[in-house]
Amino acid sequence: MLRVTALSVRFRRHDGSHATALSGLELTLARGEVIGLVGGSGAGKSLVAEALMGLLPGNAEVSGQITRDGQRLAPGQLALAPQGIDALDPLTRLGDQICRFARLAGQPPPDLPAALARLGLPETAARAFPHELSGGMAKRALIATALATGAGFLIADEPTLGLDPETADRILALLAGLAAQGHGVCVISHDLPRLIAIAGRITILQEGRMVETAMAGDFTGGDLRHPFSRALWAAQSWTGADLPC
Amino acid sequence: MDLQLMRRNWLARLLLERLIRLIWLVPLAMAGLFTLVSLAPVDPVQAYVGARVAQVGPEQRAAIAEAWGLNAPAPERFWLWLSHLAAGDFGTSITYNAPVLDLIAQRAGASLALIGTAFFLALALGFSLGLLAAAMRGRWPDRLIRGLAVVLSASPGFWIAILLISVFAVGLGWLPACCATPPGLTAAETSLGARLTHLILPAVTVSVVGISALILHSRARAVAFLESPAARHLAAHGASRLRLAFRYGARHALGPALTVHLAGAGELVGGSVLAETIFAWPGLGQATVRAATGADAPLLLGIALATLLFVFCGNLLADIAARLADPRLREMR
């Protein structure tokens, strides 16, 4: 079980004052589970991923606890699939990049055809450079690099951003499949209607604060407690059907 | 064009394009240089006669000019030179009184040894210092390396040469300050170690031309990589800054560094002319200075042609290196 307790992030300004970007986040993630993290732009969703992965700049002050099975989280136990496909090295073939991440985590060289097939990528993708991949393939390639580390817990940051609905569904089904294989998966997304199809619990952020953690059924059943959660769901589930002709 | 086909053919396409460029570039460059040499205020006969001016009368001067074809109009001389060149005859040097092609063949080895050593020395030092500065960005090693690059870029080559001679040759007596071999010995009579010892100071002098640009360029490209999402992705999974810079960032910096360095082959040649003059290095640079001061048009044109081909090859290698380092460039037209 991965547990995040009272996670807060604040940035020191030049004049010595501080700006709080995230406060008091609580998360739990079990193996075999998919959870979601949603919120508007600037709510601090990706900041959570950066704080958990130790990617924040020098003027950031992070407080709170991150544990795995009651122990302090060690390197290699949590992996991140970033949102931008520019997170792939443009000069290196995909197969070499996957091996690179395995080496960094001290893992043996992965069986590339199997690692690619697991994500629905053809074997030939190992020889491809990132610019030769489609958007959906690149997103899956990012997940492949994260999985090569052998970490049991995975954060997928906006895995469906910029993808067509069909590809987005395939990526989310893939993440759900990873959870079924025993990974704990945290999906950061704007795409709430798709997210509730695979995530058991969804934490909603508003301006750096956690407003509630709801079950997927709470969205469709109208059981959301916080007004922001209801507004977010209403905005995202609106289809435009009630527009006057 | 089919993507797979383009991938395979990028090198052939590049070579063909550059060959076409070479076909019009050589005559154009030669015509320009011939014009400059023709307009030079140095009288080749006077330069040839030199101190024997009292012993050579006007008739003899006219005979020399006639023998060298100097009385013909410039376009006719240029055409004559081109037609001889096409037949493999580069003409005869009036300074050395020897066939130009033989002279170039004799001296090119020494120049290539000097330029090649300087090239790799500058590349190894400039590239690794640039990567180190990027990895240590904002800290004292970075400031020190950048300071060194600025000082080197502001230092004239001749001044560096004088400084090296005064410290390592005159002051410490560690290294020779002259020539490619010890006085009185031929290259065949000199050991490899002794020849390498003679190479050090001229090579360091020539390499200084490229080191500062390489340091700053490699640093900038490595910093750009270290700040990229790709590097952050690697850092998130445990890659240190040194590992990021030297292992993963090196390729990002090496392509552009090689491009800059190879495209600057002309500067290396220019630096070698200076170094060969200062260190009495028996290469083409030294011959260039003698040919220029003696209005030795055949030798000057021959060396210019050799230099043009050298710089052209440098630029071609730069283009190939850039495409090898960055696969995206292979698909660009």
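The subject of this paragraph is a nonpolar patch on the surface. All names here are of chain B. On the surface, Phe158, Trp159, Ile162, Leu163, Val167, Leu172, Trp174, Leu274 and Ile278 cluster together into a nonpolar patch covering about 840 Å² of accessible area. For the nonpolar patch, the elements supplying multiple residues, two or more each, are α7 (157-171) and α11 (265-278). When residues in the nonpolar patch are grouped by element, the largest group, five residues, is from α7. With respect to the secondary-structure elements, isoleucine 162 resides in helix α7.

This part takes up unusual backbone geometry. Even without glycine at this site, Ala6(A) takes up a positive phi of about 50°. Within the fold, Ala6(A) resides in strand β1 (residues 2-12). Ala6(A) sits in the partly exposed class, given a relative accessible area of 34%. Phi at Asn97(B) is positive, roughly 55°, even though this residue is not glycine. Residue position: Asn97(B) is located in the loop between β1 (92-93) and β2 (98-99).

Residues and elements named next belong to chain A. Domains assigned within chain A are domain 1 (1-77 + 153-162 + 183-235) and domain 2 (84-151). Listed per partner, the contact involves eight residues of domain 1 and seven residues of domain 2. Interface area for domain 1 against domain 2, summed over the two sides, is near 610 Å², with a carbon-plus-sulfur share of 61%. When the buried area of domain 1 at its contact with domain 2 is split by residue, Gly76, Leu154 and His183 rank highest and sum to 59% of it. The interface formed by domain 1 and domain 2 holds zero salt bridges in total. For the pair domain 1 and domain 2, the number of links is one residue pair in polar contact (both at pLDDT 80 or more). Residues that form the side of domain 1 that touches domain 2 fall into these classes: four nonpolar, three polar and one charged.

This paragraph deals with empty space enclosed by the protein. All names here are of chain A. Using the criterion set out here, one finds two cavities of 30 Å³ or more in the structure. The computed volume of the largest cavity comes to approximately 70 Å³. Counting residues per element, the ones that place at least two in the lining of the largest cavity are β1, β2 (18-29) and α1 (45-53). Here the lining of the largest cavity gets three residues from one element, more than from any other, and that element is β2. Across the lining of the largest cavity, the residue classes tally to 10 nonpolar, one polar and no charged. Estimated volume of the second largest cavity: approximately 30 Å³. Lining the second largest cavity are Ala81, Pro82, Lys139, Leu142, Ile143, Ala156, Asp157 and Pro159. Elements represented by at least two residues in the lining of the second largest cavity include exactly α4 (135-147) and β7 (153-157). Take the lining of the second largest cavity: its biggest share by element is three residues, from α4. Of the residues assigned to the lining of the second largest cavity, the class counts are six nonpolar, no polar and two charged. Built from parts of two domains, the lining of the second largest cavity gets at least three residues from each of domain 1 (1-77 + 153-162 + 183-235) and domain 2 (84-151).

Thresholds, definitions, all that
Residues numbered from 1 in each chain as written. Chains lettered and ligands numbered in written order. Predicted model: local features only at pLDDT ≥ 70, side-chain atom pairs only at ≥ 80, totals over all residues. Heavy atoms only, no water. Patch = residues over 30% accessible without salt bridge, like charges linked within 9 Å, V, L, I, M, F, W, Y side chains within 5 Å. Areas by Shrake-Rupley, 256 points an atom, 1.4 Å probe, with all protein chains shown as cover. Salt bridge = Lys/Arg side-chain N within 4 Å of Asp/Glu carboxyl O. Helix = DSSP H or I, 4+ residues; strand = E, 2+ residues; numbered from the N terminus. Buried < 20%, exposed > 50% of the residue type's maximum accessible area, 1.4 Å probe, protein only. Domains from an automatic or database assignment. Contact = heavy atoms within 4.5 Å. Buried area = accessible area lost by both parts, 1.4 Å probe. Polar contact = N/O pair within 3.5 Å; in protein donor to acceptor, adjacent residues only side chain to side chain. Nonpolar A, V, L, I, M, F, W, Y, C, P; charged D, E, K, R; others polar. 1 Å grid on protein atoms, 1.4 Å probe; cavity = no way out; pocket = protein on both sides within 12 Å on 5 of 7 lines; lining within 4 Å. Points joined across faces, edges and corners; volume = space filled by probe spheres on them.

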